[in-house]
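# Coordinate analysis (summary)
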Amino acid sequence: MPELPVSILATELLPGWHTEMVLRMNKLLDGQNILVTGGTGSLGQALVRRIFEGGYGEPERVLVFSRDEAKQHDMRTAFQRKDRATDDLIYRDHSSRLRFRIGDVRSQADLARAIDGIDMIIHAAALKQVPSCEYFPEQAIDTNCLGAINLVEALRSRPNKVQVVVGLSTDKACQPTNVMGMTKALQERILVAANLVSEGTRFVAVRYGNIVASRGSVIPLFLEQIRSGNPVTLTSEKMTRFLMPSSSAVETIFEAIKNARAGEIVVRTAPSVRMTHVVKALLRGRPIPIRITGIRPGEKLHETLITHEEAERTVRMGEFIFLAPMLPEFLDRRPQTDLTRLQTELSSNSDVLDFDETVSLMKAWQVDRWETEPA
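Rules used in this analysis
- Residues numbered from 1 in each chain as written.
- Predicted model: local features only at pLDDT ≥ 70, side-chain atom pairs only at ≥ 80, totals over all residues.
- Heavy atoms only, no water.
- Axes fitted to C-alpha atoms, helices over the stretch in contact; angles between N-to-C directions.
- Helix = DSSP H or I, 4+ residues; strand = E, 2+ residues; numbered from the N terminus.
- Parallel < 35°, antiparallel > 145°, perpendicular 65-115°, else oblique.
- Left-handed = near helix turned anticlockwise from the far one by under 90°.
- Contact = heavy atoms within 4.5 Å.
- Buried < 20%, exposed > 50% of the residue type's maximum accessible area, 1.4 Å probe, protein only.
- Polar contact = N/O pair within 3.5 Å; in protein donor to acceptor, adjacent residues only side chain to side chain.
- Pairing = 2+ DSSP bridges.
- pLDDT = per-residue confidence, 0-100.
- Salt bridge = Lys/Arg side-chain N within 4 Å of Asp/Glu carboxyl O.

## Here we look at the packing of helix 2 (residues 42-53) against helix 9 (residues 246-259)
- Closest axis-to-axis distance for the helix 2/helix 9 pair is 10 Å, and the angle between their directions is 70°. In terms of orientation, helix 2 lies roughly perpendicular with respect to helix 9. Crossing of helix 2 over helix 9 shows right-handed handedness. Of the residues in helix 9, those in contact with Leu43, Ala46, Leu47, Arg50 and Ile51 of helix 2 are Ser246, Ser247, Ala249, Val250, Glu251, Ile253 and Phe254.

Take a look at the structure:
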């Protein structure tokens, strides 16, 4: 049975949400000043919402840093409408704690000003669209790689050190075949190596598969095509992907803040699905054709969250896998046995859900919340 999404009410415990995790996480953010780079993105907004639900403690301040003033305005306006408890969300005095700052991770000066007084950083700013990065690789390098370098250098120049930095990575960073994955793989290495030069700050990372309904992901595209009655476009009938809801991605960030050691990458296990099954589950019998368009530049048939070589450096604890860096300075910091180590790579082509299981997953994640009947 696929894991159900975590309720966005911090006091509600649904299947897949463990009481033990709540108890050890509920004070994690107390009194903390938190910077979210790229905080106006889909995952950044989900993260900020979860922070203000109160289940992880009461932060002193949350600073959303991005270069898109329109998205900042929309996000600010959306939060201003949530000034009291609703059926969906419990916000705890966010109006005095949520701040916004225009800036670009390509500018070390912008970052240096943003990190003043900050205790935690979630580094979500990135170029993530595979085709865009293929056509403009220099832009992907500037944001994904040089942006991480700028962050590390800005932190080194500050007398008051940030406690922890969490970089957000992707399964495309494993054995990368596209520019986006290559730049994310380098970003991981930049943050790992930063632990050797930035005394007092712990740099860690998390890796995800595809986040359901995030901006630019494939499921919103499928739903839009279904709404319009146009053919649903799929690159290959053989394609598989890891899928997870934004709630699981956010929980992984908090797990990394709480338990990841310097240089570790935290991976949350996620169901693997065949994309043809996802499309048919979303169609729900509608007479809309599926059109196969062919693999896009840099696209894989199957994704990998942990490679065979990396499996030797893993420790599995419940739903989370902690991947140690390859640098010798970080070896043997976490006890490891054959019982905790992965025995093979973690590929989306393994343990793929069948069609009925995929339908159950879409229902559990309430993907139909974004659906309307086609015109």
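What follows continues from the structure just given.
## Regarding helix 12 (residues 355-364)
- Residues of helix 12 that are buried include every one of Thr358, Val359, Leu361, Met362 and Ala364, and no others.
- Tucked inside the fold, the buried residues of helix 12 contact helix 8 (218-228), strand 9 (240-244), strand 11 (272-274) and helix 10 (275-283).
- At the N-terminal boundary of helix 12, the capping side chain belongs to Asp354, with an oxygen 3.2 Å from the backbone nitrogen of Asp356.
- Positive phi appears at Gln366, one or two residues downstream of helix 12, with a value of about 55°.

## Observations regarding the sheet that holds strand 7 (residues 210-211)
- With mixed pairing, the three strands of this open sheet are ordered in space as 7-9-11. At either margin of the open sheet sits one strand with a lone partner, and together these are strand 7 and strand 11.
- Sheet topology note: the strand 7/strand 9 ladder contains two bridges and is parallel. If you follow Ile211 over to strand 9, its bridge partner there is Met244.

## What about the pairing of strand 14 (residues 314-317)?
- Sheet analysis places strand 14 next to strand 15 (residues 320-323), joined by four bridges and oriented antiparallel. The partner of Met317 across the bridge, within strand 15, is Phe320.
- The turn joining strand 14 and strand 15, which pair antiparallel and follow one another in sequence, is formed by two residues; a positive phi near 65° is taken by Gly318.

## Side note on the packing of helix 6 (residues 137-156) against helix 7 (residues 179-194)
- In contact at an axis separation of 9 Å, helix 6 and helix 7 are set at 10° when each is read in the N-to-C sense. With respect to helix 7, the element helix 6 is oriented roughly parallel. Across from Pro137, Ala140, Ile141, Asn144, Cys145, Ala148, Ile149 and Val152 in helix 6, the residues of helix 7 making contact are Val179, Met180, Thr183, Leu186, Gln187, Ile190, Leu191 and Ala194.

## Comments concerning the confidence of the model for the chain
- Per-residue pLDDT for the chain has a mean of 86; in total, 86% of the residues score no lower than 70.
- Here residues 84-90 is modelled with pLDDT under 50, and outside its nearest four sequence neighbours on either side it reaches 10 contacts, counting other chains as well.

## Regarding the pattern of salt bridges
- Per the counting criterion, the structure on display carries 18 salt bridges.
- Measuring nitrogen to oxygen at the nearest pair gives 3.9 Å for the salt bridge that ties Arg106 to Asp142. Taken together, the positions of Arg106 in the loop between strand 3 (98-102) and helix 4 (108-114) and Asp142 in helix 6 put the pair 36 residues apart, joining distant regions of the chain.
- Of the residues examined, Arg106 reaches a relative accessible area of 27% and is grouped as partly exposed.
- What makes Asp142 partly exposed here is its relative accessible area of 25%.
- The partner of Lys172 in a salt bridge is Asp171, and the shortest N-O contact between them spans 3.9 Å.
- Classification of Lys172 as buried rests on a relative accessible area of 13%.
- Judged by relative accessible area, which is 0%, Asp171 ranks as buried.
- The network of salt bridges with shared partners includes Arg50, Glu53, Glu251, Arg268 and Glu319.

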